[in-house]
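Architecture at a glance
Listed here are the chains, written in short residue letters.
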There are 4 protein chains.
Amino acid sequence: MAGNSFGTLFRFTTWGESHGPAIGVVVDGCPSLLSLTEADIQPWLDKRRPGQSRYTTQRQEPDQVKILSGVFEGQTTGTPVSLMIENTDQRSKDYSEIAAKFRPGHADYTYWKKYGIRDYRGGGRSSARETACRVAAGAVARKVLGNGVTVRGALVQIGPHKVDRSRWDWAEVDNNPFFCPDPQAAAEWADYLDGIRKSGSSIGAVVEVVASGLPAGLGDPLYDKLDGDLARAMMTINAVKGVEIGNGFEAATLTGEQNADEMRAGPDSEPEFRSNLAGGILGGISTGQDIVVRFAVKPTSSILTPRQTVDLQGKDTDILTKGRHDPCVGIRAVPVGEAMMACVLADHLLRHRAYARG
Amino acid sequence: MAGNSFGTLFRFTTWGESHGPAIGVVVDGCPSLLSLTEADIQPWLDKRRPGQSRYTTQRQEPDQVKILSGVFEGQTTGTPVSLMIENTDQRSKDYSEIAAKFRPGHADYTYWKKYGIRDYRGGGRSSARETACRVAAGAVARKVLGNGVTVRGALVQIGPHKVDRSRWDWAEVDNNPFFCPDPQAAAEWADYLDGIRKSGSSIGAVVEVVASGLPAGLGDPLYDKLDGDLARAMMTINAVKGVEIGNGFEAATLTGEQNADEMRAGPDSEPEFRSNLAGGILGGISTGQDIVVRFAVKPTSSILTPRQTVDLQGKDTDILTKGRHDPCVGIRAVPVGEAMMACVLADHLLRHRAYARG
Amino acid sequence: MAGNSFGTLFRFTTWGESHGPAIGVVVDGCPSLLSLTEADIQPWLDKRRPGQSRYTTQRQEPDQVKILSGVFEGQTTGTPVSLMIENTDQRSKDYSEIAAKFRPGHADYTYWKKYGIRDYRGGGRSSARETACRVAAGAVARKVLGNGVTVRGALVQIGPHKVDRSRWDWAEVDNNPFFCPDPQAAAEWADYLDGIRKSGSSIGAVVEVVASGLPAGLGDPLYDKLDGDLARAMMTINAVKGVEIGNGFEAATLTGEQNADEMRAGPDSEPEFRSNLAGGILGGISTGQDIVVRFAVKPTSSILTPRQTVDLQGKDTDILTKGRHDPCVGIRAVPVGEAMMACVLADHLLRHRAYARG
Amino acid sequence: MAGNSFGTLFRFTTWGESHGPAIGVVVDGCPSLLSLTEADIQPWLDKRRPGQSRYTTQRQEPDQVKILSGVFEGQTTGTPVSLMIENTDQRSKDYSEIAAKFRPGHADYTYWKKYGIRDYRGGGRSSARETACRVAAGAVARKVLGNGVTVRGALVQIGPHKVDRSRWDWAEVDNNPFFCPDPQAAAEWADYLDGIRKSGSSIGAVVEVVASGLPAGLGDPLYDKLDGDLARAMMTINAVKGVEIGNGFEAATLTGEQNADEMRAGPDSEPEFRSNLAGGILGGISTGQDIVVRFAVKPTSSILTPRQTVDLQGKDTDILTKGRHDPCVGIRAVPVGEAMMACVLADHLLRHRAYARG
């Protein structure tokens with residue numbers, strides 16, 4: 001209700017600014033008796049952590065997570081899991097320019113209009129740094145989902161350059177700095193993105209997240225539909241401007257015949273779908289197939305080319321944003337998208353148990 | 001939490017099945033002292049009502065709304081506004097086939113897996129008929145928004161055929177059966193859709209909804225961002241598979257320079273944006289510009305060509321769906337999308353007041 | 001959030017005014033495959049219905065409930081259960097006096113201050129008539145709880161006259177018009193209340209509600225504790241001014257030794273409590289013992305003796321309230337208290353399932 | 001929904017166990033531009049802090065609060081205010097006995113049944129230590145309420161000994177270790193409680209909290225009534241077993257004539273109430289009078305006299321609880337009750353603004 005919580009039964013609340021002492025997340029509604037240590041969470045944070053290649057911001061922070069509550073002798077107790085990450089690389093740079101001007105594409109102007117005050121240092125609350133908290137919550141959500149469920153993401157497009165789906169190999173995702181499942185595309189992207197980076201520019205991207213191993217029946221029509229909650233989840237990630245389920249906008253161009261996911265009897269008399277254009281969701285409820293979500297990330301708004309803007313006094317001025325920035329913020333959105341999907345699914349898995357028959 | 005409510009401070013709950021005695025919506029959180037009569041709501045229902053052209057289902061119902069509570073002497077009292085629409089055209093047709101088989105693309109299979117029971121008559125709860133309740137709630141939301149705010153929608157694509165935005169004329173939307181703002185496209189669509197209809201097929205579409213006249217500052221980061229709530233709102237509409245804000249997926253293909261909405265000082269020293277690629281939302285908060293949302297609607301799953309499926313016993317079978325259907329369900333999604341946007345905005349307007357300074 | 005809903009997973013929303021066309025409740029989150037017909041609900045409404053003895057208001061209405069949705073072939077479908085009760089005895093009396101003056105003890109003044117408008121006919125939304133909707137929701141909640149759970153209430157005090165707990169007999173509750181478990185007290189109350197009634201006065205009362213057959217483990221500390229939710233539930237009933245769990249306020253007078261519910265090993269090695277001063281709740285979680293709640297109901301504010309008040313213009317005046325009234329509104333609060341407890345328990349039972357281990 | 005949050009628009013979430021590294025609270029929905037520093041919060045924590053007299057537990061901790069987010073240059077920014085208090089006095093005592101046995105009156109058994117695991121050190125999550133977080137949140141809530149609103153509490157009964165209300169003096173509350181408004185009672189209580197303390201026993205108490213300076217109109221009928229939310233708020237405090245509004249249970253003994261708060265025209269033509277038996281709430285909405293809540297606190301369950309219980313294996317045993325304990329835990333409940341009332345009122349004040357007319 002107050003804006004900084006997500007989920008119902010599996011619910012997390014994040015806090016913290018880019019340049020405050022720390023950021024954190026409280027995960028409430030995590031069932032008891034799940035094994036959980038910092039070592040379960042840290043790898044996911046490391047995956048999101050900046051500064052690991054020349055294609056992400058050079059901010060250098062260990063993003064070391066601490067469990068402050070909710071775990072006893074290595075197991076969750078059912079009480080809130082409080083996770084904290086200290087901010088260690090808040091450079092004491094000169095913020096006078098971004099304090100005085102609104103950076104186009106950033107939340108500077110809207111925070112100013114809404115709140116009448118903003119912590120302009122590094123973007124404050126609107127910084128992508130907050131997404132580390134989502135990733136930490138997502139690591140806990142994965143524990144709720146259990147080992148039978150896989151949630152994994154990939155970058156499928158940078159600027160105009162898409163992956164070739166015939167070359168899709170999940171194992172390749174960890175072999176390049178783009179989380180790209182197509183090794184040939186990854187090689188081409190490296191050159192392309194070097195050009196973007198060297199010119200001080202930035203570029204948009206598309207992320208795809210796929211969850212496997214979930215039962216049919218997740219999702220609560222009509223307003224807590226699984227796809228509705230996934231759409232909200234992804235759209236709240238910084239810089240996201242569009243969300244699709246399954247074939248998404250392509251569905252608008254198809255006939256009913258083309259778009260039908262036909263069914264056949266499977267080996268155990270459970271039906272099997274012959275395709276998955278629906279992305280694993282019908283009527284807002286999971287079908288048991290892979291759940292497929294895609295989202296578009298706009299280019300980083302911080303670029304070296306000056307842009308027209310106004311200052312706090314309403315006067316015309318220009319601004320260019322120096323410093324550490326991601327040439328393609330979509331790359332680091334991959335683990336964030338995975339985390340958000342894991343949280344949505346964990347929430348709906350608990351809800352499903354609540355209403356389940358006999 | 002239980003699935004059939006939407007919103008926080010302006011919150012509605014819908015109920016009812018396609019072939020039950022009635023459907024309805026309870027709007028809770030409507031401020032007092034707004035003038036409201038059935039005549040304020042009925043025109044929006046009439047706009048959504050099927051059977052008005054050969055391009056929508058021939059189900060014939062007056063969709064007459066009754067106000068059962070919350071209004072006294074023509075004004076809202078601040079108590080729940082209960083609205084009911086009786087179902088009058090529930091033909092007693094033979095449902096034995098759809099009772100026994102899962103229609104591909106419909107929610108038959110997932111409702112069955114989730115609930116173990118389903119009211120298969122006309123789709124039951126998953127019928128598009130429920131969207132009449134959204135439209136009724138949206139009419140109340142428009143009262144909350146006031147006359148200074150406009151929320152209007154248009155069909156911008158049918159199948160592969162898009163409108164030409166250089167010919168966009170809002171006044172044309174009511175001049176054709178497609179809510180199409182481009183009269184030339186509307187004429188072409190008529191032929192195209194006649195072909196679809198006569199072949200017993202169906203086709204997808206894209207709807208665009210635009211809100212004007214809202215102040216900057218609406219939206220509650222980070223998880224109740226305005227765009228997140230809009231994405232959820234649209235994705236919960238029947239058959240929607242994708243949602244975009246502003247330039248949406250196109251943002252993925254742009255550079256930071258191209259995507260920046262630059263600002264200049266306006267006449268009253270308030271900044272003016274030189275473009276609106278962001279769709280009126282930055283950092284999850286409204287900028288004061290038009291709020292622009294688009295969503296993709298898949299083709300109606302009910303078609304006359306048989307599709308492979310299984311029956312309740314898990315045996316292979318085929319199904320074709322006779323009866324009254326929309327060749328392009330996206331058309332009637334236009335007033336529904338408008339209604340959902342009005343509801344999201346009314347909710348955030350109330351929230352904005354709660355937190356507003358001074 | 002908007003005020004007219006109660007519960008989280010088992011959640012109901014009520015609507016309607018005393019003198020509108022109908023009142024109703026939408027129960028959302030009712031699991032599927034429960035048998036439910038109007039005949040399951042009607043007896044509970046009949047129990048609450050006024051006009052059944054000279055000790056309750058003489059308003060005569062059948063309070064006939066209709067199921068409008070959520071049930072298919074006698075079973076719940078998991079979709080919202082919409083229940084409606086038409087108002088049939090709205091006498092077209094002269095409301096000019098209560099329209100112009102604030103009745104002391106009633107909500108007239110506060111509704112006026114809050115909303116700037118009020119439906120003064122019969123109390124409008126603040127009428128005890130709304131509690132019929134709670135009772136209807138409670139009947140559905142009992143289905144969720146199942147046959148193994150009993151929720152029953154009794155009147156334990158009228159004015160200064162308490163029952164003698166040594167004579168407590170649940171079977172007596174239905175043998176007198178007071179829901180009194182002590183037949184001797186009931187006889188005495190009849191005389192006492194006749195005096196109150198004939199003098200046009202009214203009197204307060206205390207209701208006790210007891211639930212049996214629930215497992216240990218219900219309740220979600222720290223803020224959704226079972227006792228916290230029960231306290232809220234009861235305090236929202238019209239005219240309630242106090243709520244106790246177990247020994248309640250008496251606990252304030254006891255030492256730790258006196259107040260301890262000691263435990264001994266039971267037959268199946270599950271512990272047994274040697275007393276139940278805690279009322280079945282420790283740390284906000286059910287112990288498996290009976291859950292015991294008591295609440296105080298103030299005297300009906302409508303009395304025949306004139307009371308000082310002011311009118312809408314702020315001028316001094318007097319008012320006396322003619323018409324049909326309950327000399328002891330606490331009597332009819334018994335089935336309402338039962339219903340609210342059933343709803344709280346059904347909600348927590350579903351929540352319990354969501355988080356349950358293994 | 002998940003249990004550890006309270007409030008809607010002004011919403012806080014607490015985390016932490018008695019013997020973990022820290023406890024904390026995230027306050028979400030605090031409006032921007034309120035001045036806030038640690039010095040605004042610390043005095044309220046100091047008031048609740050144990051070890052300040054021989055009548056409270058001798059646990060010695062500074063309870064030093066740190067603001068981790070949500071404040072920039074001394075003002076709130078509208079983003080979550082994260083507050084943390086490190087645990088510094090977790091003695092490494094031997095917990096083997098309370099790990100193996102259920103202490104009567106404590107939450108040991110119910111946490112075990114619910115979660116299958118419990119952090120038994122110092123009570124873990126069910127420790128009264130958590131109430132420090134409520135007090136911290138309450139300090140922020142007071143900022144939202146502003147200087148015109150006063151929320152203050154007092155101990156009005158210890159065991160059978162009540163204050164004499166004719167001697168009530170708010171200024172005395174800070175002059176004795178009991179928060180007692182009656183100096184003579186305070187002197188008597190000192191002797192009485194010394195006896196309780198020396199015998200290793202404990203005693204219950206009653207706390208009264210009064211809020212002044214609030215407008216009429218707060219509260220959202222029918223289920224978010226102000227009194228309903230207050231009842232829930234107080235009942236969730238450790239060891240609370242009963243809650244009253246205004247004259248509370250006494251109302252059950254009164255006639256309608258006695259219980260009416262009559263009204264007269266006030267100086268500015270606003271009505272004035274001639275009494276406040278209703279405790280400032282009618283129909284769930286504030287009247288503008290003082291809001292008066294009382295709650296009963298049971299005696300501390302930890303006592304030196306052995307009590308019968310069972311162990312984890314279900315065997316009969318005895319337990320006595322050595323160590324640091326409050327002979328009357330009701331004393332320290334006074335600042336906690338104040339804090340909870342402040343939070344409820346801040347939440348409803350924001351809600352009121354949302355729905356306010358014109």
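For the structure itself, consult the block above.
Note that the structure is a prediction, hence the values are computed from the model and not measured.

1. Describing the environment of Glu188 of chain B
All names here are of chain B. Relative to the assigned elements, Glu188 resides in helix α5 (residues 183–198). You can call Glu188 partly exposed: its relative accessible area is 46%. Put simply, Glu188 and His161 are 27 residues apart on the chain and 8.8 Å apart in space, counted from C-alpha to C-alpha.

2. Considerations on helix α8 (residues 333–355) of chain A
Under the 1.5 Å per step criterion, the end-to-end length of α8 of chain A is 33 Å for 23 residues, consistent within 8% with the ideal 33 Å. Burial analysis of α8 of chain A places 22 of its 23 residues in the buried class, the great majority of the element.

3. Some points on the sheet that holds strand β8 (residues 150–158) of chain C
Strands sit in the order β9(C)-β8(C)-β10(C)-β16(C)-β11(C)-β11(D)-β16(D)-β10(D)-β8(D)-β9(D) across an open sheet of 10 strands; the sheet is antiparallel. In this open sheet, the two strands that pair with only one neighbour each are β9 (161–162) of chain C together with β9 (161–162) of chain D. Here strand β10 (residues 205–212) of chain C pairs with strand β16 (residues 291–297) of chain C via seven bridges, running antiparallel. Bridge pairing in β16 of chain C places Ala211 of chain C opposite Ile291 of chain C. Each of β8, β10 and β16 of chain C is contacted by helix α8 (residues 333–355) of chain C, which is oriented at about 140 degrees to β8 of chain C, the strand it contacts most.

4. Here's the deal with the interface of chain B and chain A
Taken together, the contacts link 112 residues of chain B with 111 residues of chain A. For the pair chain B and chain A, the two sides together bury roughly 8800 Å², of which 56% comes from carbon and sulfur. For chain B, the biggest contributors to the area lost against chain A are Lys114, Tyr223 and Lys241 of chain B; these three give 10% of the whole. If you look at where chain B meets chain A, you find 14 salt bridges. A salt bridge links Asp229 of chain B to Arg232 of chain A; the shortest N-O distance between them is 3.9 Å. Across the chain B-chain A interface, the total number found is 63 residue pairs in polar contact (both at pLDDT 80 or more). Among the elements that make up the side of chain B that touches chain A, the one with the highest residue count is helix α3 (residues 108–115) of chain B (seven residues).

5. So, the pattern of salt bridges
Scanning the entire structure with this criterion turns up 120 salt bridges over all chains. Two residues, Arg307 of chain A and Glu262 of chain B, come together in a salt bridge whose shortest N-O distance is 3.7 Å. Remark: Glu262 of chain B occurs in the loop between α7 (256–259) and β12 (263–265) and Arg307 of chain A occurs in strand β17 (residues 307–310); the pair is interchain, linking two chains. Where Asp347 of chain D meets Arg351 of chain D, a salt bridge forms, and the shortest distance between an N and an O atom there is 3.9 Å. Placement of both Asp347 of chain D and Arg351 of chain D in helix α8 (residues 333–355) is noted, with a separation of four residues, approximately one turn of the helix. The exposure classification of Asp347 of chain D matches that of Arg351 of chain D, with both residues buried.

6. Digging into the relation of the copies chain D and chain B
Aligned on chain B, chain D shows an RMSD of 0.0 Å; the corresponding rotation is 180 degrees and the shift along the axis is 0.0 Å. Both chain copies can therefore be described as sitting about a two-fold axis. Residue Ala354 of chain D of chain D places its C-alpha closer to the rotation axis than any other residue of that unit, at 2.1 Å. A shared binding surface is used by both copies, with 100% of the interface residues of chain D retained as interface residues in chain B.

Conventions and cut-offs
Residues numbered from 1 in each chain as written. Chains lettered and ligands numbered in written order. Predicted model: local features only at pLDDT ≥ 70, side-chain atom pairs only at ≥ 80, totals over all residues. Heavy atoms only, no water. Helix = DSSP H or I, 4+ residues; strand = E, 2+ residues; numbered from the N terminus. Buried < 20%, exposed > 50% of the residue type's maximum accessible area, 1.4 Å probe, protein only. Expected span 1.5 Å × (residues − 1). Pairing = 2+ DSSP bridges. Contact = heavy atoms within 4.5 Å. Axes fitted to C-alpha atoms, helices over the stretch in contact; angles between N-to-C directions. Buried area = accessible area lost by both parts, 1.4 Å probe. Salt bridge = Lys/Arg side-chain N within 4 Å of Asp/Glu carboxyl O. Polar contact = N/O pair within 3.5 Å; in protein donor to acceptor, adjacent residues only side chain to side chain. Least-squares fit on C-alpha atoms with pLDDT ≥ 70 in both.

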